[in-house]
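Per-entry structural report
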Amino acid sequence: MSPSPQASNKKPRKAPAEKAAGVARGRGKANGVAQHNGDGGDPVTLFEVVKLGKSAMQSVVDEWIESYKQDRDLALLDLINFFIQCSGCKGTVRIEMFRNMQNAEIIRKMTEEFDEDSGDYPLTMPGPLWKKFRYNFCEFISVLIRQCQYSIIYDEYMMDTVISLLTGLSDSQVRAFRHTSTLAAMKLMTALVNVALNLSIHQDNTQRQYEAERNKIAGKRANDKLELLLQKRKELQENQDEIENMMNSIFKGIFVHRYRDAIAEIRAICIEEIGVWMKMYSDAFLNDSYLKYVGWTLHDRQGEVRLKCLKALQNLYTNRELFPKLELFTNRFKDRIVSMTLDKEYDVAVEAIRLVTLILQGSEDALSNEDCENVYHLVYSAHRPVAVAAGEFLHRKLFSRHDPLAEEALAKRRGRSSPNGNLIRMLVLFFLESELHEHAAYLVDSLWESSQELLKDWECMTELLTEEAVQGEEVLSDRQESALIELMVCTIRQAAEAHPPVGRGTGKRVLTAKERKTQIDDKNKLTEHFIMALPMLLSKYQADSEKVANLLQIPQFFDLDVYSAGRMEKHLDALLKQIRLVVEKHIEVDVLEACSKTYSILCSEEYTIMNRVDIARSQLIDEMTDRFAHSVEELLQEAEEADDDDIYNVLSTLKRLTAFHNAHDLTRWDLFGNCYRLLKAGIEQGSMPEQIAVQALQCSHYSVLWQLVKITEGNPSKDDLVALRRVVKSFLAVCQQCLSNVNTPVKEQAFMLLCDLLMIFSHQLVSGGREGLQPLVFNPESTLQNELLNFVLDHVFIDQDDENQKGDEEDEANKIEALHKRRNLLAAFCKLIIYDIVDMPAAADIFKHYMKYYNDYGDIIKETLSKTRQTDKILCAKTLILSLQQLFNELLQDQGPNLDRTSSHVSGIKELARRFALTFGLDQIKTREAVATLHKDGIEFAFKYQNPRGPELPPINLAFLEVLSEFSSKLIRQDKKTVHSYLEKFMSESMSERREDVWLPLISYRNSLLTGGDEDHMSVTSGSSSKAGSVRSKKGRPPVHKKRIEEESSVESSWMLRNDTLQTPGALQTPQLTSTVLRENRPSLVIKRTHTHTHTHFLILPQMQMSWLGQQKMEEVNRKDRTGLNYIKARSNQGVRRGLMEDDAEPIFEDVMMSSRGQLEDMNEEFEDTMVIDLPPSRNRRERAELRPDFFDSAAMIEDESVCKPMPMF
């Protein structure tokens, strides 16, 4: 299809910017508003048609073109209103405005009619309808230009009007106008670029036809055809000039301003479209004059803009033919792109790595070794998409074969001589050089998608490990063999499980049918190979504990049916033989546990090989138990005369049996008896070796648990229960005695086992319909509880240097390991408190260390506090005040009765009290009685002991009231008065008149109750966050519902009528993992309470025994008359009103916008003035213009790199 001849009769045109003052003159409808078509339900405006998207965009545009040909003013008016309405503006441009007003005036008028109630507009509204609208909006503009490209766009009217309007809207202070017009302009520009590209192709074709006709001999040359071709070439050139003018207007008038707009979405649109232009029409746009905008925006603050930059560049670097034009850009911005692989936004980092990979594919020399190393280490990233992208880069750099001839020569070879042989060696070297050996699974997972063929070549890996090196081939070192085995096991796990390792991904996802089939095939492949290869590998490396421990993990990934289906029992026998040799040769825990687990897997009842494996296992256990019994007898007979061989024989056999007892039921061999004898002998003689005692404790523990499993799974008789109770009781007694052992490892092991057994055999054992197990329930006596608590205080709350005198010599890893062990000890004891196995007051000794050891154990103590409060709020509050009293008593013992209240020790106790107060949260109704009880205990403690020097001096503990005042803010108003009344019972008349410094704690505590009570607004946030209660609408807070008040009143009466006798809470269900400061997301209500309500509550059931707070309120009510209550009620209501006014502060929201004519007019001014789009000339007419000079001037960058550079990922 060729351009219309109409374009040849054009007048000299003015630029669109010069016609912004009133470009539209013509005929139209009376008011310029499209009329309904009579149906009443069909869309009548362009905006509605495009929004609904029911009509094909081609037909919509064709209809508009027809209306334009009939009356172009009205058609353009429809188009203008289309852009206005797409911006979310409710205003309408009338025909009179269109004809008589300038664009700026029209935009100002539309701005005044903009709906300010909502910040949303079509491009930002959520939902599928508006997402579809954005697509339809862009498609409409594209189709409009495509359909008009041969005539209408050259009429010097339609395009000038549209470009002028969009330029004005794009400079508006209204974000919706700016955003919508920028998107429209950029899509318009993209469509024009496509038109320009077609014109360029037509020009080249016309020039080629002209040259061919002109080169003919004179007799065959058609002069009339030459004339037509010349005329056509002239028309095409004029059209190209027109398109250049339009694109320059859009680029200079809109793009250069909006690519640095304050709104990230607008900047992203600009960068996305310029990337399209450079790819679509690289001859015109792929040069440094345009690439610089993408390069500068790589430093943008917002991740979505940086992401658009990277994706735009990826589209360019994918085409290798464009690399020469990108060479200067690559040199200038390569460092920035490489640094973006560590971007704080993971999506940006992933795309940056992919871009670096494309650069690597295009030019090996473009990246330095340092650049590559910056990407290499990302294969160990915890974020899987980043790691996978880095794995693709690593694969391209190290594992891609670039020599086709060498690859073809090696293609037929297999095993170590195959092409994968050297690549596997290279992978091992990379793994060793990275020095992150515990992260082999991460490395394999990173390479899994790009290098599966290499990672699944188990035949090659096995040959590298088992066969001797051929002549001239480098032998794998011992370190390399260990690394290869570790990597091989990780590849087997990845293939068999088909999901990433722990720490990557959110969990196991459902596999597709294709992935499931691949997983089954891989599992069959690895099973068939390693059934034969694994015994050989174990035979070769059976003396190396590290290699054997890794190799023994392989059978757990087997499809064990292959043994019987493939008649491979002989290979099973070979495997069992090698495992037995390994057991006899090693006493390392990890090796023995691997052997035990392998036997457990092979003994699964669903496989036919179970009997064969069970026989081999039983023979092995028989031999070990016989050896153990014999060596125990010898050791006990020789007693103190036992030599190292006797000790080793017992210890080595006991370690093996303990490892097997963990995964296998060995109760029929009665290992508990000999272990108990060893422990009793050690306690009586005090000379049992440390390791034997630890292993005997652990083995006995496993024996007890297996006996419990048999009882719970069957129908036990009374004798069975009595026998097990006897065993448990004796073992608990031994563990308790071991707490005083001189060896720390023995004490720690005994402590952990005691905590575990007390948890297992607690009152929860009979839950779930297991009441028959009641005889097995053990409740620890107070002596045992005290011993456990003292152990925690002696072994957990210690300084690092106290635990190890070689503090300076001990490396960081050992310190972390020691801290981890102490945290486990503390967690085990806290678990007993939470589940009501140890009395809650024991937690006071734990809570008092909250501040001092916050960094080490703060999370454990805080969680314990949260769970105990869920169990019993009042008892928990008593425990908190008890912990503060203990610290205060310790301070009195150190400093005497004359405390320095300004000392750091007193400040520390006050700070701890403040932290405790914060844990009560915002819901004062739920914690009301607990806080009041806390104050009661604190007041009693403060006045407990009179000063021995006379009653005129303050009580010894009076300074504690200063600590107690930290909790006053948690009392609601009426409770503050009640607590104050209780305080006055302990005060004499002279105390209230004293003003000396020693009486300041009493004065400050009284003030916290009195002044705080007056200032309290009675605003109780029940079941909501403070944030939810502070945000209100302009019309004010809705009225409180009567039903809600009744609900809160019932809550109040319930805690007032509780019994003050505090019983130890009953059996706990598993605590929910919630914090006390987290609440449901419900509306915040202000609950108005008066003393009249309180009076009513206390008179409902006077015969019931009330809580302490209820009793105090009853006394107060009986003491005061109605007049006083009414006065207090009036004061309370005033307080409520005052509180509402203070809480009603309306947040001020300000939409910050950036104008190209305001804040940014001084930035990059030189480029705005000089930048002109110059489309390349015809390829056959003149040579292409060379690349422009380097415009990458750091002085012209949008923002300073130090400011805009994103935070690194790590």
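Please read these numbers as outputs of a predicted model, since none were measured by experiment.

As annotated in UniProt, the feature "coiled-coil region" (unreviewed entry) corresponds to residues 219-249 in the numbering used here. Here residues 219-249 is 87% helix and 0% strand, with 48 Å between the C-alpha atoms at its ends.

Once that is clear, we can look at the side chain of Glu351. Here Glu351 is to be found in helix H15 (residues 346-362). Judged by relative accessible area, Glu351 falls into the buried class, the value being 9%. When neighbours within four sequence positions are excluded, Glu351 is seen to be in contact with Leu307, Leu310, Lys311 and Gln314.

Turning to the packing of aromatic side chains, a few remarks are in order. Here the structure, examined in full by the defined rule, presents 41 aromatic pairs. Between Phe329 and Phe333, the aromatic rings sit 4.9 Å apart at their centres with planes inclined by 35°, giving tilted as the arrangement. You can see Phe329 and its partner Phe333 sitting in helix H14 (residues 323-339), four residues apart, about one turn around the helix. Note on Phe329: relative accessible area 0%, which makes it buried.

The geometry of helix H22 (residues 458-466) relative to helix H23 (residues 478-497) is characterised by a closest axis approach of 11 Å and an angle of 155° between their N-to-C directions. Here H23 runs roughly antiparallel to H22, going by the angle between their axes. In this structure, the crossing between H22 and H23 has a hand that is left-handed. Here H22 contributes Trp458, Met461, Thr462, Leu464 and Leu465 to the contact with H23, which in turn contributes Glu481, Leu484, Ile485, Met488, Thr491, Ile492 and Ala495. A per-class count over the contact of H22 with H23 returns nine nonpolar, two polar and one charged.

The next thing to look at is the nonpolar core. Formed by 325 residues in total, the largest nonpolar core has its most connected members in Phe140 and Phe829. Contacts of Phe829, omitting those with residues within four sequence positions, involve Phe751, Cys755, Leu788, Leu789, Val792, Val838, Ala842 and Ile846.

Turning our eyes to something else, we now look at helix H37 (residues 812-834). Here H37 contains 23 residues, and its C-alpha end-to-end distance of 32 Å stays within 8% of the 33 Å for a straight helix at 1.5 Å per residue. By the burial criterion, the buried members of H37 are Ala818, Arg822, Leu825, Leu826, Ala828, Phe829, Cys830, Leu832, Ile833 and Ile834. Where H37 ends, the next residue or the one after it, Asp836, has phi of about 60°, a positive value.

Summarising the model, the protein shows a mean pLDDT of 79, and 77% of its residues fall at 70 or more. Confidence drops under a pLDDT of 50 for residues 1-41, and excluding neighbours within four residues, the segment shows 85 contacts in the predicted structure. A low-confidence stretch, residues 1121-1171 (pLDDT under 50), is modelled with 81 contacts involving residues beyond four sequence positions or located in other chains.

As for its placement among the helices and strands, Glu497 is situated in helix H23. Residue Glu497 is classed as partly exposed on the basis of its relative accessible area of 30%. As for Glu497 and Phe557, which are separated by 60 residues in sequence, their C-alpha atoms are 8.1 Å apart. Residues contacting Glu497, with those up to four places away along its chain left out, are Gln519 and Phe557.

Calculation rules
Position labels on residues start from 1 in each chain and follow its written sequence. Since the coordinates come from a predicted model, pLDDT governs what is reported: local features require at least 70, and pairs of side-chain atoms require 80 or more to be given and counted, while whole-chain, interface and lining totals use all residues. Values shown for side chains rest on all heavy atoms present in the structure; no hydrogens or waters enter the calculation. UniProt positions are given in the numbering used here, feature names are shortened, and annotations may be inferred rather than shown by experiment. Numbered from the N terminus, helices here are DSSP runs of H or I no shorter than four residues, and strands are runs of E no shorter than two. Buried residues are those whose accessible area, probed at 1.4 Å on protein chains only, stays under 20% of the maximum for their type, while exposed residues exceed 50% and partly exposed ones sit between those limits. Any pair of residues with heavy atoms lying within 4.5 Å of one another is described as a contacting pair. In summary, the pairing rule links any two rings of Phe, Tyr or Trp, Trp by its six-membered ring, whose centres are within 6.5 Å, and it sorts them by plane angle into stacked for under 30 degrees, edge-to-face for over 60 and tilted for everything else. Axes, fitted as lines to C-alpha atoms, cover a helix only where it is in contact. Angles between the N-to-C directions of the axes lie from 0 to 180 degrees. Working definition: roughly parallel below 35 degrees, roughly antiparallel above 145 degrees, roughly perpendicular at 65 to 115 degrees, and oblique for all remaining angles. Helix crossings are classified by the rotation of the near helix relative to the far one: an anticlockwise turn of less than a right angle makes the crossing left-handed, while a clockwise turn makes it right-handed. Gly is put with the polar residues, along with every residue not named as nonpolar or charged; the nonpolar set is Ala, Val, Leu, Ile, Met, Phe, Trp, Tyr, Cys and Pro, and the charged set is Asp, Glu, Lys and Arg. Among buried residues, those of type Ala, Val, Leu, Ile, Met, Phe, Trp, Tyr and Cys that are joined through side-chain atoms within 4.5 Å constitute a nonpolar core. Any helix carries an expected span of 1.5 Å times its number of residues minus one. pLDDT measures how confident the predictor is about each residue, on a scale from 0 to 100.

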